[in-house]
Amino acid sequence: MKTFLSVFLSVVLLGAAEFKAGVARVNITPQLPIWMSGYASRTRPSEGVFQDLWAKALAFDDGRAKTVIVTTDLIGLPRAVTDLVAARVIKEYGLDRSRILFNSSHTHTGPVVRPNLALMYDLSPEQAQRLEEYARKLTLDLASAIGAALGDLAPARLWIGHGSATFGANRREPAATGVKIGVNPAGPVDHDVPVIKVTAPDGRLRAVLFAYACHNTTLTGEFYQLSGDYAGFAQAEIEKAHPGVTALFMQLCGADQNPDPRSKLELAEQHGRTLAAEVARVLDEKLRPLRPPIRTAYKITALEFAPHSREQYEKDLESKNAYLARRARAMLAAYAEGAPVRRTPYPVQALRFNGDLTLVALGGEVVVDYDLRARREYGTKENLIVAGFSNDVMCYIPSLRILKEGGYESVDSMIYYGQPGPFNEQVEELVFDAIHDVMKRVGRQPSRAR
Ligand SMILES: [Zn+2]
């Protein structure tokens, strides 16, 4: 009787588990002192490891196709890396490109990932070589994390829930000279903490994917130890509370948000604990199940820069600002080759779990306005997560409002990214044209007239 009952129960439970899920991780901590990314002010390579850095992969099989989400404790994966990894995964495992999503946590206490933020650093040949080797090994590590997650596929159930955390603050502070990086309590924020829970059919927790829209920059330029910043601490805290479980963090549209307060190691740990506690609370709630199938769409659109001329870069060459001069050299070289940089490719992706959740993944450092506008357009009846920092991080992506206001996200950061200058005023509409297109392809319509 007992045997019959347990067989009966497992058949019923397995029958209800319409997904398979698999999870894997690879340690991507640099083994030698390495140049760290995100702050131009750093003058020497990393000094030890405070916390390991991870690439993690969460794979789904909805019975028709396999989909994988890769998260990394890195500043920003450029397409030079993700294209190589995706090509390999497409070839070896037969996944469609639209079913592979790469996200970067945007930690500023991790290594430079070349060519992301190419003009920010003054590297010795030895450090440059070390970074080339790191990027090369990273492509292998990401592919092997994906392979391992696909190899781990087993019956699973998925749920979605939402929490909230308030340490993310709008950082575009109005000042006499324009907009400076500070704290702006009146600026837009998104404090949502979406949580995707992955369990075995018997209810055992296997993985949790959570996300937040805030720069992973509690730790500022004077920190030289490697770590995942608040996102790394949050993942570690969740994994400590649930041994054997993998916690994955996705960075959302946090380009114009900073943790507040910041600049102390204890604060990074504190924000991590805050986020982990909120995820733990959501995990214990009654959550909405996610159903198959997963529909996906992926598109590369082009964003255009404002017009520029050879003359302006010839002038910049004389600038005392080393970064401006460096950018001018790169742009004049492009002019000399007859190929001035007028636009950048821009990836936009949607993953839709039946009618329960759509995950939109945008390239670049995306400001929160995109997330808020997408929520206004698509409504709250079905869950929506809008991630930035996905598939490629080629520069900041300002909204039209922020482009017009100016400041770091629209103008200054473009120099470090080696882009010719600000985008033209179409940027927001071009991104939304692509969002509308991928949303339509996964069957999600705006809930109100645009
Ligand atoms: Zn950033």
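Thresholds, definitions, all that
Residues numbered from 1 in each chain as written. Predicted model: local features only at pLDDT ≥ 70, side-chain atom pairs only at ≥ 80, totals over all residues. Heavy atoms only, no water. Helix = DSSP H or I, 4+ residues; strand = E, 2+ residues; numbered from the N terminus. Contact = heavy atoms within 4.5 Å. Polar contact = N/O pair within 3.5 Å; in protein donor to acceptor, adjacent residues only side chain to side chain. Pairing = 2+ DSSP bridges. Axes fitted to C-alpha atoms, helices over the stretch in contact; angles between N-to-C directions. Buried < 20%, exposed > 50% of the residue type's maximum accessible area, 1.4 Å probe, protein only.

1. Some words on the environment of Tyr346
Right, on to step 1. With respect to the secondary-structure elements, Tyr346 resides in strand S15 (residues 343-353).
Right, on to step 2. For the pair Tyr346 and Met394, spaced 48 residues apart in the sequence, the C-alpha separation amounts to 8.3 Å.
Right, on to step 3. Residue contacts for Tyr346: discarding those within four places in its chain leaves Lys299, Ile300, Thr301, Leu303, Leu362, Gly363, Gly364, Val366, Met394, Ile397 and Val431.
Right, on to step 4. A distance of 2.7 Å separates a polar side-chain atom of Tyr346 from the backbone oxygen of Gly363.

2. Here we look at the sheet that holds S15
Right, on to step 1. Taken in spatial order, the four strands of this open sheet run S14-S15-S16-S18, and their pairing is mixed. Two strands lie at the open edges of the sheet, namely strand S14 (294-304) and strand S18 (383-387), each paired on one side alone. On average, each strand axis in the sheet is inclined to that of its neighbour by 15 degrees, with strand direction left out of account.
Right, on to step 2. In the sheet, strand S16 (residues 357-362) pairs with S18 via five bridges, with the strands oriented parallel.

3. Quick notes on unusual backbone geometry
Right, on to step 1. Of note, the bond from Arg114 into Pro115 is cis; its omega dihedral lies within 30 degrees of zero at 5 degrees.
Right, on to step 2. By the secondary structure assignment, Pro115 is in the loop between strand S4 (100-104) and helix H3 (125-151).
Right, on to step 3. Residue Pro292 is joined to Pro293 through a cis peptide bond whose omega torsion reads 0 degrees.
Right, on to step 4. Inspection of the secondary structure puts Pro293 in the loop between strand S13 (288-289) and S14.
Right, on to step 5. Here Ser263, not a glycine, exhibits a phi torsion of approximately 80 degrees, which is positive.
Right, on to step 6. In this model, Asn354 sits at a positive phi of 45 degrees, which is unusual for a non-glycine residue.
Right, on to step 7. Examined against the element boundaries, Asn354 turns out to sit in the loop between S15 and S16.

4. Section: the pairing of strand S2 (residues 54-61)
Right, on to step 1. By the criterion of burial, S2 is predominantly enclosed, with seven of the eight residues buried.
Right, on to step 2. With eight bridges joining them, strand S1 (residues 19-27) and S2 adopt antiparallel strand pairing. The residue of S2 that forms the bridge with Lys20 is Asp61.
Right, on to step 3. Connecting the antiparallel pair S2 and strand S3 (residues 66-72) is a turn made up of four residues, with Gly63 showing a positive phi of about 95 degrees.

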